[in-house]
Amino acid sequence: MNDQMKQMIQQTEQSLTKQFSQIQEIVTANQEKVLDAFQQVQVSESHFTPSTGYGYDDIGREKLEELYATVFRTEEALVRPQIVSGTHAITTCLFGVLRPGDELLYLTGRPYDTLEDVIGIHENVDGSLRDYGILYNELPLTESGKVDFSNLENAINHRTKIVAIQRSKGYADRPSFTVMEIKEMIDEVRKIKPDAIIFIDNCYGEFVEIYEPSEVGADLMAGSLIKNPGAGIAKTGGYIVGKEKLVNKCANWLVAPGLGKETGASLYSLHEMFQGLFLAPHVVGEALKGAYFTSQLLSDYGYQTAPTASDVRTDLIQSISFHRAEEMIQFAQMIQKQSPIDSYVTPEPSSMPGYEDDVIMAGGTFIQGASLELTADGPIREPYTLYVQGGLTYEHVKLAIVKSVIALNK
Ligand SMILES: *Cc1c(COP(=O)(O)O)cnc(C)c1O
């Protein structure tokens, strides 16, 4: 490491001491929460035993689901390697619960890109909610990126069955919503429609705060195991937690009516899913430190970052807006170059299924697409915002970001 790098790191870290000690507090609280849950449900080595075939009487799978329900303070959980991604987990919730004629309301504006086809927002995609006669409505955010409570009453009607809240901004240009803000949303919806089912897309949010949305009144919540709760070691999978009745509906849709939660071989996934959940608070803390570091350093170099280093955080996504598309692409390519895997590959913008604009995706990860590992991606559109997230170790993020900034300013 040369002197320039050392100095950049030292300066940046000096201005983040308060934030880092806050992260330490959150990590400790969440580690305690997770550890307590392991002890309470009595996980033992026998729960790591793989199951095959139908997966009947898979005691490990059942214990893992009990553990998730305990950590997230819900009645029930569905945690499966057969859930292929976050999008699939969310899709399972929507199709599991909604019936023809019901309406889905997104309270937090346009949802994450891949959900547009799931819902059938633009056209009647084969197999979308729209294709099944399920209606959709969304409440656009206000100019400052907040929920438009003044129009909430108009957006809810007698058909509204699920009110969906997306915690993390995803690829949108808006702040992510803290658990306190989500609580306020839930309370407001309940005033108008007490029986609405409140669904939370919790992707990227797990363990960033000391409470989860399921602890402040949400009915159903979903996320991906190749993001936060898998800690970078779960190789695939997703989770759904919430009210027992609702989670069982999701299981019926994921597997088959009548089979529900009783089947689904866990194969060799249990060990890493248990251990991943145990490690998750710590690894999320590493990624969070990296996100603060990124925000501070890039803003010192004149780029607009969101959140800033002084904002409250609720997810792992750090966005950086570049002045030109070329800068955005170069920075992403530098992140790739600083990765442990495929460091010699140069990512280029290209079209991706489920995304409207060309997308650049950088990050040489141990698990394909795992964005709890250091990755940088974003659709190539103004204001050329690159979304940087993850990092299994803070030190990796620090090295990669410093080297990328130096390359950019050459
Ligand atoms: C990542 C993400 C998703 C989708 O997850 P995939 O695993 O990529 O399908 C949905 N919503 C948000 C907010 C996300 O960050």
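Each remark here, short or long, concerns the structure printed above.
Just so it is clear, the structure is predicted and the values come from calculations on it, not from any experiment. (Residues numbered from 1 in each chain as written. Predicted model: local features only at pLDDT ≥ 70, side-chain atom pairs only at ≥ 80, totals over all residues. Heavy atoms only, no water.)

## Focus on the layout of surface pockets
Thought 1: Within this model, the largest pocket holds a volume of roughly 860 Å³.
Thought 2: Residue lining of the largest pocket: 38 residues in total, with Ile226, Tyr355, Met361, Gly369 and Ser371 positioned closest to the centre.
Thought 3: Those elements that place two or more of their residues in the lining of the largest pocket are α4 (86–97), β10 (359–362), β11 (375–379) and β12 (385–389).
Thought 4: Across the lining of the largest pocket, the residue classes break down as 15 nonpolar, 18 polar and five charged.
Thought 5: Looking at the lining of the largest pocket, you find at least three residues from each of domain 1 (3–29 + 278–408) and domain 2 (50–267).
Thought 6: Of the pockets and cavities examined, the second largest pocket occupies roughly 470 Å³.
Thought 7: If you go around the second largest pocket, you meet 26 residues; those closest to its centre are Lys169, Arg174, Pro175, Ala306 and Pro307.
Thought 8: Listing elements by their share of the lining of the second largest pocket, those giving two or more residues are β8 (304–306), β9 (318–321) and β12.
Thought 9: Considering each element in turn, the lining of the second largest pocket owes the most residues, three residues, to β8.
Thought 10: Partitioning the lining of the second largest pocket into residue classes produces eight nonpolar, 10 polar and eight charged.
Thought 11: Here the lining of the second largest pocket gathers at least three residues from each of two domains, domain 1 (3–29 + 278–408) and domain 2 (50–267). (1 Å grid on protein atoms, 1.4 Å probe; cavity = no way out; pocket = protein on both sides within 12 Å on 5 of 7 lines; lining within 4 Å. Points joined across faces, edges and corners; volume = space filled by probe spheres on them. Helix = DSSP H or I, 4+ residues; strand = E, 2+ residues; numbered from the N terminus. Nonpolar A, V, L, I, M, F, W, Y, C, P; charged D, E, K, R; others polar. Domains from an automatic or database assignment.)

## Quick word on the sheet that holds β11
Thought 1: Here we have five strands laid out as an open sheet, ordered β8-β9-β12-β11-β10, and antiparallel in their pairing. Sheet topology places β8 and β10 at the edges, where each strand pairs with a single neighbour. With direction set aside, neighbouring strand axes in the sheet form an average angle of 20°.
Thought 2: Strand direction decides the pairing type here: β8 and β9, joined by three bridges, are antiparallel. Directly across from Thr305, in β9, lies its bridge partner Ile320. (Pairing = 2+ DSSP bridges. Axes fitted to C-alpha atoms, helices over the stretch in contact; angles between N-to-C directions.)

## A closer look at the site of the ligand
Thought 1: Around the ligand, the neighbouring residues are Ser85, Gly86, Thr87, Ile90, Tyr112, Gln166, Ser168, Asp201, Cys203, Tyr204, Ser224 and Lys227.
Thought 2: Contact between the ligand and Asp201: a nitrogen atom at 2.6 Å from a side-chain N or O atom of the residue.
Thought 3: A distance of 3.0 Å separates an oxygen atom of the ligand from a polar side-chain atom of Lys227.
Thought 4: About the coverage of the ligand: the protein hides 90% of its 370 Å² of free accessible area. (Near = heavy atom within 4 Å. Polar contact = N/O pair within 3.5 Å; in protein donor to acceptor, adjacent residues only side chain to side chain. Areas by Shrake-Rupley, 256 points an atom, 1.4 Å probe, with all protein chains shown as cover.)

## Some details on the sheet that holds strand β1 (residues 76–80)
Two pairing modes exist for strands in a sheet, parallel and antiparallel, and in both the strands are linked by backbone hydrogen bonds.
Thought 1: Strand order in the open sheet formed by seven strands is β1-β7-β6-β5-β4-β2-β3, with mixed pairing between adjacent strands. Since the sheet does not close on itself, it has two edges, and those belong to β1 and β3 (135–138), each with one partner. For this sheet, the mean angle separating the axes of adjacent strands, direction not counted, is 20°.
Thought 2: As defined by bridge partners, β1 adjoins strand β7 (residues 238–242) across five bridges and the pair is classed as antiparallel.

## Re a nonpolar patch on the surface
Thought 1: Residues Tyr54, Tyr56, Val255 and Leu259 make up a contiguous nonpolar surface patch of roughly 420 Å² in combined accessible area.
Thought 2: Summarising the element assignment, Tyr54 is placed in the loop between α2 (17–41) and α3 (59–71).
Thought 3: Tyr54 sits in the exposed class, given a relative accessible area of 61%. (Patch = residues over 30% accessible without salt bridge, like charges linked within 9 Å, V, L, I, M, F, W, Y side chains within 5 Å. Salt bridge = Lys/Arg side-chain N within 4 Å of Asp/Glu carboxyl O. Buried < 20%, exposed > 50% of the residue type's maximum accessible area, 1.4 Å probe, protein only.)

## Observations regarding the packing of helix α1 (residues 3–14) against helix α9 (residues 270–300)
Axes are the key here: two packed helices are described by the angle between their axes and the distance separating the axes.
Thought 1: For the pair α1 and α9, the least separation of the axes is 10 Å and the interaxial angle reads 110°. Viewed along their axes, α1 and α9 adopt a mutual orientation that is roughly perpendicular. Between α1 and α9, the residues in contact are Met8, Ile9, Thr12 and Glu13 and Phe293, Gln296 and Leu297, respectively.
Thought 2: For the contact of α1 with α9, the residue count by class is four nonpolar, two polar and one charged. (Parallel < 35°, antiparallel > 145°, perpendicular 65-115°, else oblique. Contact = heavy atoms within 4.5 Å.)

## Details of the nonpolar core
Thought 1: If you look at the biggest cluster of nonpolar residues, it comprises 122 residues, and the most contacted ones within it are Tyr68, Leu107, Ile240, Phe331 and Ile401.
Thought 2: Top contributing element to this core by residue count: α9, with 13 residues.
Thought 3: Looking at this core, you find at least three residues from each of domain 1 (3–29 + 278–408) and domain 2 (50–267). (Core = buried A, V, L, I, M, F, W, Y, C linked by side-chain atoms within 4.5 Å.)

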